[in-house]
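These are the residues of each chain, in order.
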Amino acid sequence: MNVTDNGEALIMKTHQDLSQYSVLVKNARFLCDLHKGQEVIFIYCKFDPELIQIIRRIPGSKWSQSRKAWYVLDREQLRNHFQIPKKQYEPDSLDDISAGNARQLNRFMEQIKLQGYSPHTLRTYTSEFRVFLRDLKHRPVQEITYEQLRLYFVYLIDKKGLGENQIHSRINALKFYFEQVLLWERFSIEIPRPKKQLQLPKVLSFEEVQRILTATGNIKHMLILSLCYGTGIRLSEIVNIEIEDMDLYRHKVFIRRGKGKKDRYVNLPTSIMVLLGQYMNIYKPQRYLFEGQYGGRYSVRSVQSVFMQAKHRAGVCKKIGIHGLRHSFATHCHEQGTDLHLLQRLLGHSNIKTTLIYTHVSQRQLEMVVSPLDRMLKELSPEMKQISTKRGGKNT
């Protein structure tokens, strides 16, 4: 059986000529950062046709006009080629920030690390705070007043056209700085948050999930998507499952350090035990339940690619990502009568309000509602039905 994974194949093309990467490493500077909501590796180098040609041959390489640099998606294999250490956030050049504000940025990042926030939070908060410092130019950030901050957010809404989610993200970063670094007490009172739009999660029907699972290319891909849907765990959690986390006797999966650094157990569906056994015999993973072609943890983007390809082959046209399997699990469980507090524990939600969103999506109670029009027409006498039918026919 061909066990080469489609998600990894793109990167494997870059192994064809390792000497070219050594040339790039010697003549370019690499920077890991966020760009357009994605983790990327920026490649800074002087204009040299040979170097540009090497960069262009890297799958997915693009030019950023705003950063004046080439960039590629941040993948473990490319980090190895570029000799970049294991993922860690590095702030961009501080040339556009005053020396005093640059020191505040360092204090800001140190405080986030000291309080044990996740690398994702570090990247997001730092990116938002950096934009704020750029906007300040040479004005000291510690001298900003509440009124100036209020006007700044009005400016972001009126002039920059930032949406509610972006505004909330910026507020969270500044709230952390002013409350945790400068020890302000009244930030939340003085700086109101815009009302968030209630966005319902996108879900798949039972039939659509079934079509997607059967459209996978091999046992490994089917098991990955089956676990995503059958347990409702997050994408970041499924790639981090280790073999020792699988309790086959109790039919449980141990999720270590999930979102919010919380451990929990989820149920392992009995229906996939045979598939799991077949997978273990064929692929023989060493540490992680799902590993790449050359060992190590399976990449998040590979799993996303598996889902999108299966969705396409299944003919499912909904604009939905792999996280939709988690939403579908929660919605279908609620429709089957699962208690909300139990569902909250399985999903790893800190607040029951997060779980309650699925009551807006579930059809269990909506399908019990009978339209008054249906009831009215049902109670009409046969004569009235005939009259309404005749009138309807004349009007058409």
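Let me sum up the structure you'll find in this document. Being a predicted model, the structure only gives us computed values, none of them experimental.

1. Looking at the overall build of the protein
Tallying secondary structure elements over the protein gives 19 helices and seven strands in all. Looking at the protein as a whole, 43% of its 396 residues qualify as buried. Pairs at least 24 residues apart make up 63% of the contacts formed inside the protein by residues separated by at least 6 positions.

2. Details of the sheet that holds strand E6 (residues 252-255)
Hydrogen bonding along the main chain pairs the strands of a sheet, whether they run parallel or antiparallel. Strand order in the open sheet formed by three strands is E5-E6-E7, and the pairing between neighbours is antiparallel. Of all the strands in the sheet, the pair left with one neighbour each is strand E5 (246-247) and strand E7 (264-267). Examined bridge by bridge, E6 and E7 share four bridges and lie antiparallel to one another. In the strand pairing of E7, Lys 252 is matched with Asn 267.

3. Considering the nonpolar core
With 48 residues, the main nonpolar core has Leu 225, Ile 238 and Phe 290 as its most contacted residues. With seven residues, the single largest contributor to this core is helix H11 (residues 219-231). With near-sequence residues (within four places) excluded, Leu 225 lies in contact with Ile 212, Leu 213, Thr 216, Val 306, Phe 307, Ala 310, Ile 322 and Leu 325. Core analysis: the next-biggest nonpolar cluster, separate from the first, contains 29 residues, Ala 102, Met 109, Leu 149 and Tyr 177 among them.

4. A closer look at empty space enclosed by the protein
Following the criterion strictly, the structure yields one cavity of 30 Å³ or more and no others. Here the largest cavity defines a volume of roughly 40 Å³. Around the largest cavity, the lining residues are Cys 228, Ile 233, Arg 234, Leu 235, Ile 322, His 323, Leu 325 and Arg 326. Tallying contributions element by element places helix H15 (residues 323-335) first for the lining of the largest cavity, with three residues.

5. Thoughts on unusual backbone geometry
One non-glycine residue, His 251, lies in positive phi territory at about 55°. Take His 251: it is sitting in the loop between E5 and E6. Despite not being glycine, Lys 284 has its phi angle at roughly 50°, a positive value. For Lys 284, the location among the structural elements is in the loop between helix H13 (273-283) and helix H14 (300-314).

6. Digging into the packing of H11 against H15
Two elements in contact, H11 and H15, have axes separated by 7 Å at closest approach and are oriented at 40°. Looking at the two axes, H11 sits oblique to H15. Packed against H11, whose contacting residues are Leu 225, Cys 228, Tyr 229, Gly 230 and Thr 231, the element H15 presents Leu 325, Ser 328, Phe 329 and His 332 at the interface. For the contact of H11 with H15, the per-class residue count stands at five nonpolar, four polar and no charged.

7. A few points about the side chain of Glu 208
Summarising the element assignment, Glu 208 is placed in helix H10 (residues 206-214). When residues no more than four places from it in sequence are discounted, the contact partners of Glu 208 are Val 316 and Lys 318.

8. Some points on the environment of Val 253
Note on placement: Val 253 falls in strand E6. In this structure Val 253 comes out as buried when scored by relative accessible area, which is 2%. Considering only alpha carbons, one finds Val 253 and Glu 242, eleven residues apart in sequence, at a separation of 9.6 Å. Sequence-distant contacts of Val 253, that is, excluding residues within four places in its chain, are made with Ile 241, Asp 245, Met 246, Arg 264, Tyr 265, Val 266 and Leu 268.

9. Considering the layout of surface pockets
Space inside the second largest pocket adds up to approximately 340 Å³. The wall of the second largest pocket is formed by 17 residues, among which Tyr 229, Gly 230, Thr 231, Pro 269 and Phe 329 lie closest to the centre. When residues of the lining of the second largest pocket are traced back to their parent elements, those giving at least two are H10, H11, E7 and H15. Looking at the lining of the second largest pocket, its residues break down into nine nonpolar, eight polar and no charged.

10. Structural notes on the pattern of salt bridges
If you walk through the whole model with that rule in mind, you get 13 salt bridges. One salt bridge connects Arg 79 with Asp 74, and the closest N-O pair in it is separated by 2.8 Å. The class for Arg 79 is buried, based on a relative accessible area of 5%. Taking the shortest distance from any N to any O, the salt bridge between Glu 208 and Lys 318 comes out at 2.9 Å. Taken together, the residues Glu 208 in helix H10 and Lys 318 in the loop between H14 and H15 connect sequence positions 110 residues apart. In this structure Glu 208 comes out as buried when scored by relative accessible area, which is 13%.

The rules we used
Residues numbered from 1 in each chain as written. Predicted model: local features only at pLDDT ≥ 70, side-chain atom pairs only at ≥ 80, totals over all residues. Heavy atoms only, no water. Helix = DSSP H or I, 4+ residues; strand = E, 2+ residues; numbered from the N terminus. Buried < 20%, exposed > 50% of the residue type's maximum accessible area, 1.4 Å probe, protein only. Contact = heavy atoms within 4.5 Å. Pairing = 2+ DSSP bridges. Core = buried A, V, L, I, M, F, W, Y, C linked by side-chain atoms within 4.5 Å. 1 Å grid on protein atoms, 1.4 Å probe; cavity = no way out; pocket = protein on both sides within 12 Å on 5 of 7 lines; lining within 4 Å. Points joined across faces, edges and corners; volume = space filled by probe spheres on them. Axes fitted to C-alpha atoms, helices over the stretch in contact; angles between N-to-C directions. Parallel < 35°, antiparallel > 145°, perpendicular 65-115°, else oblique. Nonpolar A, V, L, I, M, F, W, Y, C, P; charged D, E, K, R; others polar. Salt bridge = Lys/Arg side-chain N within 4 Å of Asp/Glu carboxyl O.

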